[in-house]
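Chain and residue survey
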Amino acid sequence: MPKINNTVLMSGADYFANDAPINPYYADESIDVSTAIQEHAEIEAAMREAGIKVVKVAPPPTSQDGVYTANWALVRHNKAILARLPNARKSEEAWAERELEALGFEVIQEPEDWHFSGQGDALACGDLLFCGSNYRSDVRAQEFAAETLGYRRIQLQAKPLLDENGQAVVNASSGWPDSFYYDIDLALSILKGPTETEKGLIAYCPEAFTSESRVLLEQFDEVDKIIVSEKDAKQAFACNLVSTGETVIMSAHAPDFTEAIQAHGLRVINPSIKELAKGGGYIRCTTLSLE
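Points about the layout of surface pockets
- Roughly 550 Å³ of internal volume is contained in the largest pocket.
- Contributing to the lining of the largest pocket are 30 residues, with Ile-4, Ala-124, Tyr-151, Ser-289 and Glu-291 lying nearest its centre.
- Those elements that place two or more of their residues in the lining of the largest pocket are β3 (73-76), β6 (122-125), β9 (188-192) and β12 (242-243).
- No other element matches β6, which puts four residues into the lining of the largest pocket.
- A class-by-class count of the residues in the lining of the largest pocket yields 16 nonpolar, nine polar and five charged.

Next comes the structure, spelled out in structure tokens:
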């Protein structure tokens, strides 16, 4: 079985904060930075235990969300398509560009006025790229990234956040449309890559997606699938995981999903994460896959 996520990029939680509520998970409760740093260390230890090489870089002091490196870029081979982030995270773009270039990647920029959430909204399964659009990423940006990196794009959209009148909510801080699944890595995950004889394996939450995308996923037969409950996806951040194809680092609060993964012959490591979830991110969010 070919391994995936062999190497990941991680920064740190030193400057983690919730000053700008740019997604629905932010709350008024204060952030305990020391706890967030400890949780980040536990995630890193789990990665290393799973056999993943962790490349560490300093976190940007200018951003509350610099711990979430998954949003810095989409990387394949020696190329990195740089993200275009909300205003509260804009300074991370130059930081990510510098760090990725220092690691030897050819950094490619998308137009300044496009939205692109990097790996948070674009998950690779072999040559397939499962993309989420409308909230943090434009379809045109994902089309460019997929074509540049040689992926076949599977374009999806999660359900929007609705107000009491049933109208789609625009986030007051970012000015962008909002969703509990603003990045697709909160609604879908890659568990195994494909081989010559076996399909890849993904997991997803049907209730997280619009009816059109839900039908597309139901009918898509090029991968095997595990269904994740809405409760596990939304409350336990269950889809926001990292898998090597053999070991899965995932939420400790989704026992049914854990059992389903183990039934596919995968080992599971469950670090306990609470503080980092206050920023609307989880395990996958803290890592950018470099290969």
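Some remarks on empty space enclosed by the protein
- Counting across every chain of the model gives three cavities of 30 Å³ or more.
- In this structure, the largest cavity encloses a volume near 80 Å³.
- Along its surface, the largest cavity is lined by 14 residues, and Asn-71, Arg-89, Arg-136, Tyr-182 and Asp-183 are the ones closest to its centre.
- Counted by class, the lining of the largest cavity contains five nonpolar, four polar and five charged residues.

Thoughts on the pattern of salt bridges
- Taken as a whole and assessed by the stated rule, the structure comprises 15 salt bridges.
- One salt bridge in this structure joins Arg-84 and Glu-112, with 2.9 Å as the shortest N-O distance. Of the two residues, Arg-84 sits in the loop between β4 (79-82) and α2 (92-102) while Glu-112 sits in the loop between β5 (106-108) and β6, which places them 28 residues apart along the sequence.
- Judged by its relative accessible area of 5%, Arg-84 is buried.
- Lys-90 serves as the salt-bridge partner of Glu-112, at 3.2 Å between the closest nitrogen and oxygen. One end of the pair, Glu-112, is in the loop between β5 and β6; the other, Lys-90, is in the loop between β4 and α2, with 22 residues separating them in the sequence.

So, the sheet that holds strand β1 (residues 7-10)
- With mixed pairing, three strands are arranged side by side in an open sheet as β2-β1-β15. Edge strands, defined here as strands with exactly one partner in the open sheet, are β2 (53-56) and β15 (288-289).
- Where β1 lies against β15, two bridges are found, and the strand directions are antiparallel. The residue of β15 that forms the bridge with Leu-9 is Leu-288.
- Of the strands in this sheet, β1 and β2 touch helix α1 (residues 33-49), which is tilted by about 140° from β2.

The rules behind the values
- Here the residue index of a chain counts from 1 through its sequence in written order.
- Selection of residues for local features in this predicted model requires a pLDDT of at least 70, selection of side-chain atom pairs for listing and counting requires 80 or more, and totals for whole chains, interfaces and linings are taken over all residues.
- Excluding hydrogens and water, the side-chain values take into account all heavy atoms of the structure.
- Cavities and pockets were defined on a 1 Å grid built over protein atoms only: a cavity is a set of grid points that admits a 1.4 Å probe from which the probe cannot escape, a pocket is an open set flanked by protein on both sides within 12 Å along at least five of seven lines, and lining residues are those with an atom within 4 Å of any such point.
- Grid points are joined across faces, edges and corners, and a volume is the space filled by probe spheres set on the points.
- Only DSSP runs of H or I covering at least 4 residues are called helices, and only runs of E covering at least 2 are called strands; the numbering of each starts at the N terminus.
- Residue polarity is assigned by list, with Asp, Glu, Lys and Arg as charged and Ala, Val, Leu, Ile, Met, Phe, Trp, Tyr, Cys and Pro as nonpolar; anything else, Gly included, falls into the polar class.
- Whenever a carboxyl oxygen of Asp or Glu lies within 4 Å of a side-chain nitrogen of Lys or Arg, that contact is scored as a salt bridge.
- Three labels apply to residues, based on accessible area from a 1.4 Å probe with only protein chains included: buried if under 20% of the type maximum, exposed if over 50%, partly exposed otherwise in between.
- The pairing criterion for strands is at least two bridges between them, as found by DSSP.
- For this analysis, residues touch if any pair of their heavy atoms sits within 4.5 Å.
- Note on method: axes are straight lines fitted to C-alpha atoms, helices fitted across the in-contact stretch only, with angles between N-to-C directions ranging 0 to 180 degrees.

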